[in-house]
Structures are given as C-alpha cells and as structure tokens.
Amino acid sequence: MAKIRTQDLIDQFDLELISGEEGLHRPITTSDISRPGLEIAGFFNYYPAERIQLLGKTEITFFKRLSTEEKTIRMEKLCADITPCIIISRDLEVPEELIIASENAAVPVMKSNMKTTRLSSHLTNYLESKLAPTTAIHGVLVDVYGVGVLITGQSGVGKSETALELVKRGHRLVADDCVEIRQEDLGTLVGSSPELIEHLLEIRGLGIINVMTLFGAGAVRSFKRITLNIDLELWNSTKHYDRLGLDDEKIKILDTEITKITLPVRPGRNLAVIIEVAAMNFRLKRMGVNAAKEFTEKLANVIQDKGASGDIYND
C-alpha cells in the first residue's frame, strides 16, 4: 500500500496551510472522511480520529454557538495524536480555538475554497486510488480493442515479441516485463508500468526499444483496467487444451477474479492474431454472444432430432 502524507494533499488540491505545520509528515492510512458534527456537539465516544476531519458550513456555524470553554475543549479533543489533518471547506474562517489546539498537538489545519460535498468526493477518490491494495506481476499489459489484456508466461516464451506485433497492428502498450496492479475497487484491477521502464519494450537479441519514440504517442498508454489474462505456455502434446471455448478458467489477483485463457505456443502460430481474436471474442461474450455455447446447443438439437427420427440408435 502506498504511503500518503498530509503534505501530498496540499500539493494535490492546492490547500492553504493555516496551522500545525509540524504535522505535515503525518501518514494518512484510510480513505474514509469524517465530518465531526457529533464530536463538535460533545459526543466523542466513537470519534474516528484516524480519518481526515472535514469541517463545512454546518459544523462551523454550530461551533460558533458554543461557549468559549466548550470551544476550547472540543477543539483540543478534535486534535488527537493520530489525526492526520483537519480541513475547512468553502474558504470559511478558521476558529481561533482550532488554530491554538492544532499548534499544540501538531495537527495540520488547512483551508479550501471548494464546497464541502465536492471536496469530500475529490478527497475520497484520490485517497482510494492512492491507498488501493497493490501488487506486481511479471508479464506484459496491452490494450487490445479496448480490452486490457495481461499476457503472462514463463521467461522467454515470447510475451514481449507478441506485444511488439500487437503494437505494430495498432494496439497500445501499457507495461512490459513488470506490471504494477492496484485494486481500486472490488472487481476493478488497474495496471500500469513502473516509471523506470515506462514505454520500454525488451526484445531478446535486439535490446530495449522505446515504443513511444518508434511508433508514436498513440502506441502507448499510462494505465488500463485489466479484464483478461492470456497465459502463454510451450505446447505440451500430453496436455488437453480447450478446443471449443467452453472452459471458464479464472485467475485471482488480489481479491479480484478475471478470465484466464491458456494459449499453447509452438512454431507457426500467430499469437498476436489469436490474442486479437480472443479480445474481440471476450467482448462479444460480455455482450451476451457466446459462439461456443451456441454451437453446442445446435449440436445437441441436431443429435436430438436425429435420434427422434430414428437415424440414431442406442445399443
């Protein structure tokens, strides 16, 4: 999981730092946002201190009705040891009691001119993206007809060469050799390339090539949602491979399952064309068109009709 600190929020959302500068190094560990209305009213029994505290017009207006002593106590409790920061929206005036308490506890207090609901939405989306579970997989990620295809297989099986052929055929490279994957939501995997090897492709015997320089900016993209896994393996004559496309194999990455297709590799097979067809067929299946299923149903009907007419006899 990536580390996000309060300073990152200032840089990302152009927030104005009011007080508590010493706490800018504080880590943010959750994407949940808290609007401490009950806490300002005095109920701290279930105060989620580890969350970003967002104060809007409602909270600030109610706070002004409190007595001086209550204001001081509430703000001191609000600035807990594990509170990453407190943000005031709508460019509202920051209470003096909050400034004093935040300086004493080293809790950054920042201000934004955005509306509370919109700011909360932007903060949540940003944090969920940055704090999403991540992993790295050895493989190649290519955008084929809008389908994020993760090509895996043992070293030397031809993943990069296949990706190069796909790029020549007009598809877009996302990552080669190492694919960084983050689970932004349940069922949503997004792959990208490490910054060091972004846009690069390694071809054995040729070396490292820059795909964007050779083929243009339209041949690459920074990230892509992964929905299909093509696993390349050397042809094994003793192994049974799916010939109809009825086998629904899955692979689990983090907490998400995606469709997996095992593709045997041997001389004479055009892997790039096969992967193109696999991507198009995958899209058709998601639209409700399953050629393999339709074929088996037609075959079953033919057998049933033949049997009913007496052309087929069971011994």
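Residues numbered from 1 in each chain as written. Predicted model: local features only at pLDDT ≥ 70, side-chain atom pairs only at ≥ 80, totals over all residues. Heavy atoms only, no water.

Caption draft 1: Focus on the sheet that holds strand 6 (residues 86-88). With respect to topology, five strands assemble into an open sheet ordered 2-7-6-5-4, the strand pairing being mixed. Of all strands in the sheet, those bounded by a partner on one side alone are strand 2 (16-19) and strand 4 (33-34). (Pairing = 2+ DSSP bridges. Helix = DSSP H or I, 4+ residues; strand = E, 2+ residues; numbered from the N terminus.)

Caption draft 2: Highlighting the UniProt feature "binding site: ATP" (unreviewed entry) in the protein. In the numbering used here, UniProt assigns the feature "binding site: ATP" (unreviewed entry) to G153, Q154, S155, G156, V157, G158, K159 and S160. In this structure, G153 sits in strand 10 (residues 147-153). What G153 contacts, discounting residues up to four positions off in sequence, is H138, K159, D231 and L232. By the secondary structure assignment, K159 is in helix 7 (residues 159-168). (UniProt positions renumbered as here; feature names shortened; annotations may be inferred. Contact = heavy atoms within 4.5 Å.)

Caption draft 3: Representation of a nonpolar patch on the surface in the model. On the surface, L38, F43 and Y46 cluster together into a nonpolar patch covering about 390 Å² of accessible area. Structurally, F43 is set in the loop between helix 2 (37-40) and strand 5 (52-55). (Patch = residues over 30% accessible without salt bridge, like charges linked within 9 Å, V, L, I, M, F, W, Y side chains within 5 Å. Areas by Shrake-Rupley, 256 points an atom, 1.4 Å probe, with all protein chains shown as cover. Salt bridge = Lys/Arg side-chain N within 4 Å of Asp/Glu carboxyl O.)

Caption draft 4: Summary view of the layout of surface pockets. In this structure, the second largest pocket encloses a volume near 430 Å³. The wall of the second largest pocket is formed by 15 residues, among which K130, E180, R182, S192 and S193 lie closest to the centre. At the level of elements, helix 6 (116-130), strand 8 (134-138), strand 12 (178-185) and strand 13 (188-192) are the ones that each hand at least two residues to the lining of the second largest pocket. Take the lining of the second largest pocket: its biggest share by element is three residues, from strand 12. When its residues are assigned to classes, the lining of the second largest pocket shows four nonpolar, six polar and five charged. (1 Å grid on protein atoms, 1.4 Å probe; cavity = no way out; pocket = protein on both sides within 12 Å on 5 of 7 lines; lining within 4 Å. Points joined across faces, edges and corners; volume = space filled by probe spheres on them. Nonpolar A, V, L, I, M, F, W, Y, C, P; charged D, E, K, R; others polar.)

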